[in-house]
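# Secondary and tertiary structure notes
As a plain string of letters, each chain reads:
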Amino acid sequence: MLITQLKSKETIEALAKGKTVIINCHGCKEVYFPEQEAAELQKELSVGGNVTEIITRDYICNPDNLRFQLKKFEDKIKDADTVLVFSCGVGVQTVAAFLEDKKVFACCDTCPLPGFQGVTPLEFDCGQCGECYLNSTGGICPITACSKSLVNGQCGGAKNGRCEVNKDMECGWERIYRKLEKLGRLDTLKYEAKVRDYAKPFKESKDEG
Amino acid sequence: MMLTELFQRGEFVVTAEVGPPKGYHIEHLLHEAETYLKGHVHAVNVTDNQSSVMRLGSLATCKALKDKGLNPIFQMTCRDRNRIGLQSDILSAALFGIDNLLCLTGDHTTLGDNPQAKPVFDLDSVSLLHMLKKLESGEDMAGNPLEGEPPKFAKGAVVSPCSDSVDVQLAKMEAKVRAGAEYFQTQAVYEPEKFIKFMEKAKQFGVPVQLGIVIPKNVGMVKYMNANVAGISVPDSMIAELQADKEKTKAGITGVEISARLIKECKPYCQGVHIMALGWESKIPDILAKAGL
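From a predicted model like this one, the values you see are computed outputs, not experimental measurements.

Definitions and limits used
Residues numbered from 1 in each chain as written. Chains lettered and ligands numbered in written order. Predicted model: local features only at pLDDT ≥ 70, side-chain atom pairs only at ≥ 80, totals over all residues. Heavy atoms only, no water. 1 Å grid on protein atoms, 1.4 Å probe; cavity = no way out; pocket = protein on both sides within 12 Å on 5 of 7 lines; lining within 4 Å. Points joined across faces, edges and corners; volume = space filled by probe spheres on them. Nonpolar A, V, L, I, M, F, W, Y, C, P; charged D, E, K, R; others polar. Axes fitted to C-alpha atoms, helices over the stretch in contact; angles between N-to-C directions. Helix = DSSP H or I, 4+ residues; strand = E, 2+ residues; numbered from the N terminus. Parallel < 35°, antiparallel > 145°, perpendicular 65-115°, else oblique. Left-handed = near helix turned anticlockwise from the far one by under 90°. Contact = heavy atoms within 4.5 Å. Core = buried A, V, L, I, M, F, W, Y, C linked by side-chain atoms within 4.5 Å. Buried < 20%, exposed > 50% of the residue type's maximum accessible area, 1.4 Å probe, protein only. Lys, Arg positive; Asp, Glu negative; His and termini not counted. Salt bridge = Lys/Arg side-chain N within 4 Å of Asp/Glu carboxyl O. Polar contact = N/O pair within 3.5 Å; in protein donor to acceptor, adjacent residues only side chain to side chain. Pairing = 2+ DSSP bridges. pLDDT = per-residue confidence, 0-100. Arc of directions from axis to C-beta.

Residues and elements named next belong to chain A. One pass over the structure, following the stated rule, counts five cavities of 30 Å³ or more. Considered as a void within the structure, the largest cavity measures approximately 130 Å³ in volume. Considering the residues around the largest cavity, the lining is formed by 15 residues, among which Cys146, Ser147, Cys155, Cys163 and Cys171 are closest to the centre. Its residues placed into classes, the lining of the largest cavity shows seven nonpolar, five polar and three charged.

Right under this line is the structure:
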C-alpha cells in the first residue's frame, strides 16, 4: 500500500506557472489519495484563471491507458505551460515520460504503508521516499533510476552513458541532465546539497496513526 | 599541512597515491613511500577500499604515513559508512592531525571483492562536502554542537575532464564547489587538448585543479581502461607508442616519457599534478624530473 500526501500549498502554487493542466489519479486500490484536500486546493488554484483543465482518471501509471485517457485533452495539454500531477511517484514519471517536452510536476509525496503492495507493470518505480525529488529532476526519479539512489548528481562511474552497476541500464543522472537540458531547465540543478531524511516516511506514518 | 595553503602560495602542487594492502602489514608501503615519495611530492593520497576491494583502512594508513613524516590525504567514499560513521571518522582524522580530505561517492559494492555487501550511499560526494562545512562550523550534520574547537580541513573532490559527458561532469563540479570543495584532482588524462578545453570552462569556478596521471604500463592495461574505466580514453597514437618498442615499454621508460610529456603540455593550464602510479611508485621521481618539476 502507498499513501500520497499533498505537498504544501506554497510549493504547489509556485509550480503552477502559466497555463496549467491538472491530472488527478484516483481509483487505484493500492494508493490512498487525499481526494478532498486535493479538490479544495485545486479550486483555490483555479481562481486566477490559469488552470485550463482538471483531468481525473485512474491508473495513469499504465502508459497505454494514459495515452487513451489523455487523447481528448490533447489540445489543452499542447497549449499548457505546466502539467501538475496529483498521483503517486509512478504516475508522475509515466506522465513526464509521455509528455516529454512539457514541464511536468509532482504535487504529492509518496510514502509506504504496511501491507500488500500493488504491482507496477513497467520500468518506472517509486522508492516511496516520502520527499519526492521529481520536481528538480525533470520527472525522472533519482531514487529508482540511479543504482546508488544519489540525489546530488551522477557518481562519475558511467561509461558511454551506461551505469557502472548494470550495463543494460542508462545512467539515471545523465538522463536527468539531458531531460532538463531539453526543457531549458538546467538551472534547476543549482540547488544546495540535498541530504535525505531516512526517518521521514516512518515518522509520517507514525503521526498518521 | 593543508594543500590549500600550498595552492594559495602559488605552488604547483604535486601529489601521489598509494593503495593500502589486503592485510595489515604495511612495511613495504611505508618503505616505498619514504624512498620514492618523501621529498618528491607535497602529499600522498590514501585510497579508501579502492574499487570496492576490502583492504586496510585509509585512516590508519594515513596515520602511519604521517608518523613517518609524510603529508597524507585521507580519501573518503560514501559506500561503506552512513553519516554517523563518516562524521566520526572525520573527527578521528582531526585527532591524528590529518587535515587533507578527498571526498568521493565511491564505486558500487558489486564491482569489488565482497559483492554481497550492502551499499550504503547515505551521503554522496556533494553532501559529504556539505557535512564537512557543518563540522567546521562547530556542529554535526543534525545541528548538534561539537565540543571544543571545530576541526579544519582542506576539502578536495574529483572530476573527469575527458568524460564522454563532460557537460554533466561540469554541472557536478559546480555542485561540489557550491558545497565547499577547495581543490580538485582529476581522473587520468591522456588527451591534453580535451583537458585544456575542460579547464577553459572549469576556471570560472576559481578552484585549483590537479591534472590526473595514471602511468600507462602496457597495451593491455590501456585497452582495459578504454573498455571499462569511466572517464578514461587513451588515443590510438599512444597505444601505438606503447606497442612500438616492447622492451622499452616493459622497462617502464615509455610510460614515464608519456606521463612527463602530458604534465609538461598541461602544466600551464592547471595548478598541480596528481600521479596514480598503481604500484609503479618507484617511477615517480623520474617522471617529475623529466617533467621539470
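This part is about the packing of helix H6 (residues 166-179) of chain B against helix H7 (residues 192-202) of chain B. Residues and elements named next belong to chain B. Axis separation between H6 and H7 bottoms out at 11 Å; the angle between their running directions is 40°. On the basis of their axis angle, the class for H6 and H7 is oblique. Our pair here, H6 against H7, has a crossing hand that is right-handed. Of the residues in H7, those in contact with Val166, Leu170 and Met173 of H6 are Phe198, Lys201 and Ala202. Looking at the contact of H6 with H7 residue by residue, the class counts come to five nonpolar, no polar and one charged.

Time to look at the nonpolar core. Buried together is how nonpolar side chains tend to be arranged in soluble globular proteins. Leu37, Leu65, Ile90, Met173, Tyr190, Leu211 and Ile275 of chain B are the most contacted members of the largest nonpolar core, which totals 99 residues. Discounting residues that sit within four places of it in the chain, Leu211 of chain B has contacts with Thr186, Val189, Phe195, Leu262, Ile263, Cys266, Cys270, Gly272, Val273 and His274 of chain B. Judged by nonpolar contacts, the second largest core, of 25 residues, contains Cys25, Phe73, Ala96 and Ala106 of chain A.

All names here are of chain B. The topology assignment puts Lys176 in helix H6. We note that Lys176 is buried and unpaired, the nearest opposite charge coming from Asp124 at a distance of 8.4 Å. Side-chain polar atoms of Lys176 contact the backbone oxygen of Val158, separated by 2.8 Å. Not counting the four nearest positions on each side in its chain, Lys176 is found in contact with Ser125, Val126, Leu129, Ala157, Val158, Ala181 and Phe184.

Residue and element names in this part refer to chain A. If you walk across this open sheet you meet the three strands as S3-S1-S7, and the pairing is mixed. The sheet is open, and its two borders are formed by strand S3 (31-32) and strand S7 (108-112), each paired with just one other strand. Pairing between strand S1 (residues 2-6) and S7: five bridges, direction antiparallel. Considered in S7, the bridge of Leu6 is made with Cys108.

The next point concerns the sheet that holds strand S6 (residues 103-106) of chain A. All names here are of chain A. Taking strand neighbours across the sheet as the criterion, the four strands line up as S4-S2-S5-S6 in an open arrangement whose pairing is parallel. Both edges of this open sheet fall to strand S4 (51-57) and S6, since each of them pairs with a single strand only. The sheet shows a mean angle of 20° between the axes of neighbouring strands, taken without regard to direction. Of the strand pairs in this sheet, strand S2 (residues 20-25) and S4 are connected by six bridges, and their pairing is parallel. By the bridge assignment, Ile23 is partnered in S4 with Ile55. Along the sheet face, helix H5 (residues 89-98) touches S2, strand S5 (82-86) and S6 and points at about 180° away from the line of S6.

So, on to the confidence of the model for chain A. The predicted model of chain A has a mean per-residue pLDDT of 89, with 91% of residues at 70 or higher. This model gives residues 204-209 of chain A a pLDDT under 50, and the stretch forms three contacts once residues within four places in sequence are excluded.

A few words on helix H9 (residues 236-244) of chain B. Residues and elements named next belong to chain B. Buried residues of H9: Met238, Ile239 and Leu242, and no others. An end-on view of H9 places all buried positions within 105° of arc, on one side of the element. Residues of H9 that are exposed and angled more than 90 degrees away from the buried face: Asp236, Ser237 and Ala244. Structurally, H9 contributes buried residues whose contacts are with helix H8 (219-228), helix H10 (246-250) and helix H11 (253-266).

Moving on, we get to the environment of Phe12 of chain B. Residues and elements named next belong to chain B. Examined against the element boundaries, Phe12 turns out to sit in the loop between helix H1 (3-8) and strand S1 (13-18). The exposure class of Phe12 is buried, given its relative accessible area of 17%. With 48 residues separating them along the chain, Phe12 and Ala60 place their C-alpha atoms 28 Å apart. Residues within four places of Phe12 in sequence aside, it is in contact with His42, Lys267, Cys270, Gln271, Gly272, Val273 and Leu293.

Let's shift gears to the pattern of salt bridges. A side chain of one charge can pair with a side chain of the opposite charge when the charged atoms of the two come close. The full count for this structure, using the stated rule, is 29 salt bridges over all chains. Where Asp101 of chain A meets Lys182 of chain A, a salt bridge forms, and the shortest distance between an N and an O atom there is 3.6 Å. A residue pair is termed long-range when its members are at least 10 positions apart, and Asp101 of chain A in the loop between H5 and S6 and Lys182 of chain A in helix H7 (residues 172-182) qualify at 81 residues. Among the ionic pairs, Glu136 of chain B bridges to Lys152 of chain B, the shortest N-O distance being 3.6 Å. Taken together, the positions of Glu136 of chain B in helix H5 (residues 125-136) and Lys152 of chain B in the loop between H5 and strand S5 (154-159) put the pair 16 residues apart, joining distant regions of the chain. The buried category is assigned to Glu136 of chain B, whose relative accessible area is 17%. Owing to a relative accessible area of 45%, Lys152 of chain B belongs among the partly exposed residues under this scheme. Within the structure, one salt-bridge network assembled from shared partners comprises Glu136, Lys152, Lys155 and Glu182 of chain B.

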